[in-house]
Amino acid sequence: MSTTNAVPVSLAEIARIAGVGRAAVSNWRRRHDSFPTRIGGTDVSPQFSLAEVEQWLRDNGKLKDIGGREFLWPRFEALGSRDESGLAVAEAARRMRAPRVRISHSELSPEAKELVGEAARLGRSEGPRETFEFLLQRWLETHVRQLSSTPLQLASLMTRIALAVRLGEGKAGLTVFDPACGTGHLPAAAAQVYDGSGLVVLGCERDPALAALASARLGFITENQDIRTEIATADALREDPFAGARADIAICNPPFNERDWGYEELATDQRWTHGLPPRTEPELAWVQHLLSHLKPGGAAVIVLPPAVASRKAGRRIRGSLLRTGALRAVVALPPGSAQPHSVSLQLWVLRAAPDSSASAPPSQEALLVDAARFARPGAREPGPDWDALGSFVLSAVEALDRPDDDLPESAVRVPLLDLLDDEVDVTPGRYTASNAEPSGIELAASWGELGASLADLAGQVQYLSKLGFETETPQATATVGDLVKAGALTLRAGQQPSETGAPPRKTAVPLLTVSDLLMDGTPSGLLLADSAHAIAEEGDVVVAGVVRAFKAWVHEGPPMALGPQLYSLRVDPERLDAHFLAGCLRAPANGRQAGTHASSSSRVDIRRLQVLQLPLEEQATYAETFRRLRAFEALLTRAEGLGKGLVGNMSDLLAAGGLTA
């Protein structure tokens, strides 16, 4: 394949092409005078000619058994525009499947049209579907911060829920509808999950590039199958291209928190049978849009932010959805299920009334399911335990129309009379937590755990209270900056990762940020190891350099990348004890002294933090005491949580009149 000298590639891209780490590429650059010279970028992030890199890799035997698609993607990325590169990938997919088809997007540049032809030829030789999926994935990774896609596992679960909830059986013909389909994750999942004949997939997307990619993706999935697809490019709320069409199931992950959704021009729209959505509640417009496209008895599943379940502005519409039986269930997902990953998103399960005068009246209950416990904090693979989550949610939802069936733990049927109060709050956690009354065995176990924690606390108190302190003679100290200059430790600062897209999971490490520390301390992101500015290895001291989250600890576990305002300190073990260093650094007075301002958002100057100057053998005694102090703190926190839980549970049981002795 021909390439041009004008196409730039970064060190990370070269590493990906060659199948090595970025450090290896940097090493080649230092050791080989023949390595291509920089054509752009900066000293920290240099860029090189793709053509020269390809030639050098081939000449030096650095290429593994890879296809031409690895060299193809940088040329798509070099087109610059997100929209043009996306449209070009979609056009290449069309040409892979039908070589004689004309390019439908005349706005593509001559360079893009030429690239489309080359990509189509490569795809036909290396596998059309595989080549398209590769290009699509790279495009999504590159623009991950601008796009929100639905993970395949969640898309499949949503489809299965909708199929389980809809009324009516039979596998001869099914219409699936997604009015905000993006690049087609949800329609693709529906086409793969449904095993019947006569499937019709209707999708809508206002972004032309996303719509084109969705159409291309579905073209490959539905090839040689009894499936008809139609993807329209339009704003589904303002210009509904499928007005009047009805679907058996609808699945949707709509845009969140959009104020400019058409409130003024759609004020009298016939879809608002449950009330005009307030300007601040666009998600409730999408809910009613889905319901308007359902056949009688049809079901819809929609991803929503948790605030939609409780915001005051939407309580009237929520009340109407409940009273009419349209809102059948709400499922709280664990954080990490979809973007934004730090939020516990919800699935709303909707169903249209059946078209029969003899049908039973709407149910007087709603199913609320709290699946947050299926999160996997600290796991190498992001996201929840999908197998366990899917099994749990489906078992709960399948019991929706069987009131005599037992529900799994953390799922509860709530009477509408309890929901239709002044707030109409349908947040599952509000009801599932109070539903699980502890048994006598569970109470006894909690009391036993609290007793053990208090016993451990007493032991720590006995040890720590006997320590003596000499405060008259000031001890010599050195700053972190002094220790760095002396070679006693190495300091690396974390930085904001560049917007290069989501890294492949096999080559990624967890990314910790200050925001993660303010939540539960679990890394919420991933970062390509070779592109991280600072990685904490086991035994390194990690310091959060901001007043509101100031802390220092010895990292334990697998390597972890650090974000902005986080620092990694690696000690010389012959001169410093890591636990001694961490204990000195996290002293509150130390952080206040090194803080740049008085506000909680100010930074801590890490190099100004003070460390006691002690011989290595004396540091061990301090390190052990620091460990005990941290253990004491953890026990206090644990005992407080256990105590508060016992007080709450005992109060509920007493108020219910269950006292026997």
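Residues numbered from 1 in each chain as written. Predicted model: local features only at pLDDT ≥ 70, side-chain atom pairs only at ≥ 80, totals over all residues. Heavy atoms only, no water.

Novice: Can you lay out the overall build of the protein chain for me, pointing to particular residues and giving the numbers?
Specialist: A tally of helices and strands in the protein chain yields 21 helices and 22 strands. Taken along its principal axes, the extent of the C-alpha atoms in the protein chain is 90 × 85 × 45 Å. Looking at the 661 residues of the protein chain, the share that counts as buried comes to 47%. Contacts spanning at least 24 positions in sequence make up 73% of the contacts within the protein chain whose residues lie at least 6 apart. When the accessible surface of the protein chain is summed, it comes to about 31800 Å², and 49% of that surface belongs to carbon and sulfur atoms. Measuring between centres, the 68 positive side-chain charges of the protein chain sit 3 Å from its 81 negative side-chain charges. (Helix = DSSP H or I, 4+ residues; strand = E, 2+ residues; numbered from the N terminus. Buried < 20%, exposed > 50% of the residue type's maximum accessible area, 1.4 Å probe, protein only. Contact = heavy atoms within 4.5 Å. Areas by Shrake-Rupley, 256 points an atom, 1.4 Å probe, with all protein chains shown as cover. Lys, Arg positive; Asp, Glu negative; His and termini not counted. Charge placed at Lys NZ, Arg CZ, Asp CG, Glu CD.)

Novice: So, the state of the cysteines: which residues are in play, and what are the values?
Specialist: Taken as a whole and assessed by the stated rule, the structure comprises 0 disulfides. In this model cysteine 204 remains outside any disulfide bridge; the closest cysteine sulfur is found in cysteine 181, 7.0 Å from its own. (Disulfide = S-S within 2.5 Å.)

Novice: Tell me about empty space enclosed by the protein, residues and numbers included.
Specialist: A complete count under the given rule lists 1 cavity of 30 Å³ or more for this structure. Taken together, Arg206, Asp235, Leu237, Arg238, Glu258, Asp260, Trp261 and Trp286 make up the full set of residues lining the largest cavity. Tallied by class, the residues present in the lining of the largest cavity amount to 3 nonpolar, no polar and 5 charged. (1 Å grid on protein atoms, 1.4 Å probe; cavity = no way out; pocket = protein on both sides within 12 Å on 5 of 7 lines; lining within 4 Å. Points joined across faces, edges and corners; volume = space filled by probe spheres on them. Nonpolar A, V, L, I, M, F, W, Y, C, P; charged D, E, K, R; others polar.)

Novice: Requested: an account of the packing of aromatic side chains, with residues and values cited.
Specialist: Scanning all chains against the criterion turns up 10 aromatic pairs. Between phenylalanine 35 and phenylalanine 48, the ring centres sit 5.5 Å apart and the planes meet at 85 degrees, which makes this aromatic pair edge-to-face. Residue phenylalanine 35 is located in the loop between helix H2 (22-31) and strand E2 (40-41), and its partner phenylalanine 48 is located in strand E3 (residues 46-49); the two are separated by 13 residues in the primary sequence. Using a relative accessible area of 0% as the deciding quantity, one classes phenylalanine 48 as buried. Here the aromatic rings of phenylalanine 132 and phenylalanine 220 are separated by 5.4 Å at their centres, their planes lie at 25 degrees, and the arrangement is stacked. Here the residue phenylalanine 132 occupies a position in helix H7 (residues 128-142), and phenylalanine 220 occupies one in helix H10 (residues 208-221), the gap between them amounting to 88 residues. The residues phenylalanine 132 and phenylalanine 220 share a single accessibility class, namely buried. Lysine 551 extends its terminal NZ or CZ atom over the ring of tryptophan 553, reaching a point 5.3 Å from the ring centre. Taking NZ or CZ as reference, arginine 628 lies 3.9 Å from the ring centre of tyrosine 463, over its face. (Phe/Tyr/Trp six-rings, centres within 6.5 Å; stacked < 30°, edge-to-face > 60°. Lys NZ or Arg CZ within 6 Å of the ring centre and 35° of its normal.)

Novice: Could you give me a rundown of the pairing of E3, with the residues and numbers involved?
Specialist: In terms of strand pairing, strand E1 (residues 8-10) meets E3 through 3 bridges, oriented antiparallel. Counterpart to proline 8 in the pairing with E3 is serine 49. Here 2 bridges tie E2 to E3, and the two strands are oriented antiparallel to one another. Residue glycine 41 lies in a different strand from E3, and its bridge partner there is proline 46. (Pairing = 2+ DSSP bridges.)

Novice: Explain the packing of helix H9 (residues 185-193) against H10 to me, and be specific about the residues and the numbers.
Specialist: Two numbers describe how H9 lies on H10: the axes approach to 9 Å, and their chain directions differ by 10 degrees. Overall, the two elements H9 and H10 adopt an arrangement that is roughly parallel. Crossing of H9 over H10 shows right-handed handedness. The residues of H10 that touch H9, namely those facing His185, Pro187, Ala188, Ala191 and Gln192, are Arg217, Leu218 and Ile221. (Axes fitted to C-alpha atoms, helices over the stretch in contact; angles between N-to-C directions. Parallel < 35°, antiparallel > 145°, perpendicular 65-115°, else oblique. Left-handed = near helix turned anticlockwise from the far one by under 90°.)

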